Amino acid sequence: MAKFSVILAAAGQSSRFRDPHHKKPFALLEQKPVWLYSAEKFLARNDVRQLIMVLAQEDRDGFLSSFSANIAVLGIDLVNGGAQRHESVLNGMCAVRPECDFVAVHDAARPVLTDDMIEACFSAAVNSGAAIPAIPVTSTLKRSPDGRSVEATVERAGLYMAQTPQVFRRDWLESAYQQLGTLVPTDEAQVMEHAGHPVTIVEGSPMNIKITTRQDLRLAAACLKSLPAPKFDARPHPFADDNLWR
């Protein structure tokens, strides 16, 4: 059985979230912190051997103060993030345990994650070496140089919106990071593309939203209510069904 390490990216600045008390991964969603939803999903799987939480240095003390019980029980490894996303993920890569064959990178601000999507992404990565969930662009796209007037309509055929978890062979991703040069990638799939590796697309979901603004919390709450009942095929943990955050 392939073994996976999961890097949960939570080191961003959340500048558009505009909450004076919380960055978006740590805000409460239905009385539970956003990051914990996806962490629980991954750690319920027997093939996930490690979960690495990548945090901004300035958030570390507050995170430990609020979630030390979760960290201890769930066995989460904490890593300091970098100035940009790809640097944060690379820091997480340095902490991946030797026995893990694959690395999954997931946005901590994407809480509406299903067991089926994780399984599809993991299986596709095992078969092809690299896989991401994505959904086709359905809206008409406009280009504007100033955000006030339309310059052109952009052809949307063949365009997809990438999501996470993005899952890769560990050796491929490590090698690809060494070939970055001056490229500043916006996701890990771009790192792989730059190194010449094909990336498989798995059908994503419109509900797999990335929380960006505080209003997105309400949309995520509605999406969570529509999900199927959770599966309990793997090891349970004490926080799976509690009222700790209520």
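Now for a quick tour of the structure. Keep in mind it's a predicted model, so treat the numbers as computed, not measured.

What the chain contains, in helices and strands, is 7 helices and 12 strands. Looking at the chain as a whole, 48% of its 246 residues qualify as buried. Put simply, 74% of the contacts in the chain that link residues at least 6 apart link residues at least 24 apart. With the model as given, the accessible surface of the chain reaches about 12500 Å², and the carbon-plus-sulfur share is 51%.

What follows is about the pairing of strand β11 (residues 166-169). Two elements, strand β6 (residues 102-107) and β11, share 4 bridges in a ladder whose sense is antiparallel. Among the inter-strand pairings, valine 105 is bridged to a residue of β11, identified as glutamine 166.

With that out of the way, let us pick up the side chain of arginine 110. Here arginine 110 shows up in the loop between β6 and α4 (115-128). Judged by relative accessible area, which is 9%, arginine 110 ranks as buried. Side chain to side chain, arginine 110 and threonine 164 meet in a polar contact 3.5 Å long. In contact with arginine 110, not counting residues within four places along its chain, are Ser38, Ala162, Gln163, Thr164, Asn208, Ile209 and Lys210.

For an α-helix, the turn length of 3.6 residues means that residues three or four places apart are oriented alike. For helix α2 (residues 60-74), which comprises 15 residues, the first-to-last C-alpha distance of 17 Å sits more than 12% below the rise-based estimate of 21 Å (1.5 Å per residue). Considering bend angle alone, the principal kink of α2 is centred on phenylalanine 67 and spans about 80°. Within the span of α2, buried status applies to Phe63, Phe67, Asn70, Ile71 and Leu74. Looking at the buried positions of α2, the neighbouring elements they touch are β3 (32-33), α1 (34-43), β4 (48-55) and β5 (77-80). With its phi angle positive at about 70°, glycine 75 sits one or two positions after the end of α2.

At their nearest, the axes of helix α3 (residues 85-93) and helix α5 (residues 170-177) sit 11 Å apart, and the two run at 130° to each other. For the element pair α3 / α5, the angle class is oblique. The handedness of the crossing between α3 and α5 is left-handed. Residues His86, Val89, Leu90 and Met93 of α3 form the contact with α5, whose participating residues are Arg170, Leu173, Glu174 and Tyr177. Of the residues belonging to the contact of α3 with α5, the class tally is 5 nonpolar, 1 polar and 2 charged.

Helix-helix packing is characterised by the crossing angle of the two axes and by the distance between the axes. For the pair α1 and α2, the least separation of the axes is 12 Å and the interaxial angle reads 10°. Here α2 runs roughly parallel to α1, going by the angle between their axes. The two elements α1 and α2 meet at a crossing, and its hand is right-handed. Note on element contacts: α2 touches α1 through Phe63, Phe67, Asn70 and Leu74, opposite Trp35, Leu36 and Leu43.

This brings us to the nonpolar core. One finds Phe26, Trp35, Leu51, Met53, Phe63, Ile76 and Phe122 to be the most contacted residues of the largest nonpolar core, which totals 34 residues. Breaking this core down by element, the ones donating at least two residues are β1 (4-10), α1, β4, α2, β6 and α4. Among the elements that line this core, the one with the most residues is α4, at 6 residues.

Take the pattern of salt bridges next. Counted according to the given criterion, the structure contains 12 salt bridges. A salt bridge links arginine 45 to aspartate 47; its shortest N-O distance comes to 2.8 Å. Using a relative accessible area of 16% as the deciding quantity, one classes arginine 45 as buried. Notably, a salt bridge pairs arginine 169 with aspartate 171, separated by 2.6 Å at the nearest N-O pair. Judged by its relative accessible area of 30%, arginine 169 falls in the partly exposed class. Overlapping salt bridges bring together Arg85, Asp107, Arg110 and Glu188 as one network.

Quick notes on the rules
- Residues numbered from 1 in each chain as written.
- Predicted model: local features only at pLDDT ≥ 70, side-chain atom pairs only at ≥ 80, totals over all residues.
- Heavy atoms only, no water.
- Helix = DSSP H or I, 4+ residues; strand = E, 2+ residues; numbered from the N terminus.
- Buried < 20%, exposed > 50% of the residue type's maximum accessible area, 1.4 Å probe, protein only.
- Contact = heavy atoms within 4.5 Å.
- Areas by Shrake-Rupley, 256 points an atom, 1.4 Å probe, with all protein chains shown as cover.
- Pairing = 2+ DSSP bridges.
- Polar contact = N/O pair within 3.5 Å; in protein donor to acceptor, adjacent residues only side chain to side chain.
- Expected span 1.5 Å × (residues − 1).
- Bend = angle between axes of the 7 residues up to and from the residue.
- Axes fitted to C-alpha atoms, helices over the stretch in contact; angles between N-to-C directions.
- Parallel < 35°, antiparallel > 145°, perpendicular 65-115°, else oblique.
- Left-handed = near helix turned anticlockwise from the far one by under 90°.
- Nonpolar A, V, L, I, M, F, W, Y, C, P; charged D, E, K, R; others polar.
- Core = buried A, V, L, I, M, F, W, Y, C linked by side-chain atoms within 4.5 Å.
- Salt bridge = Lys/Arg side-chain N within 4 Å of Asp/Glu carboxyl O.

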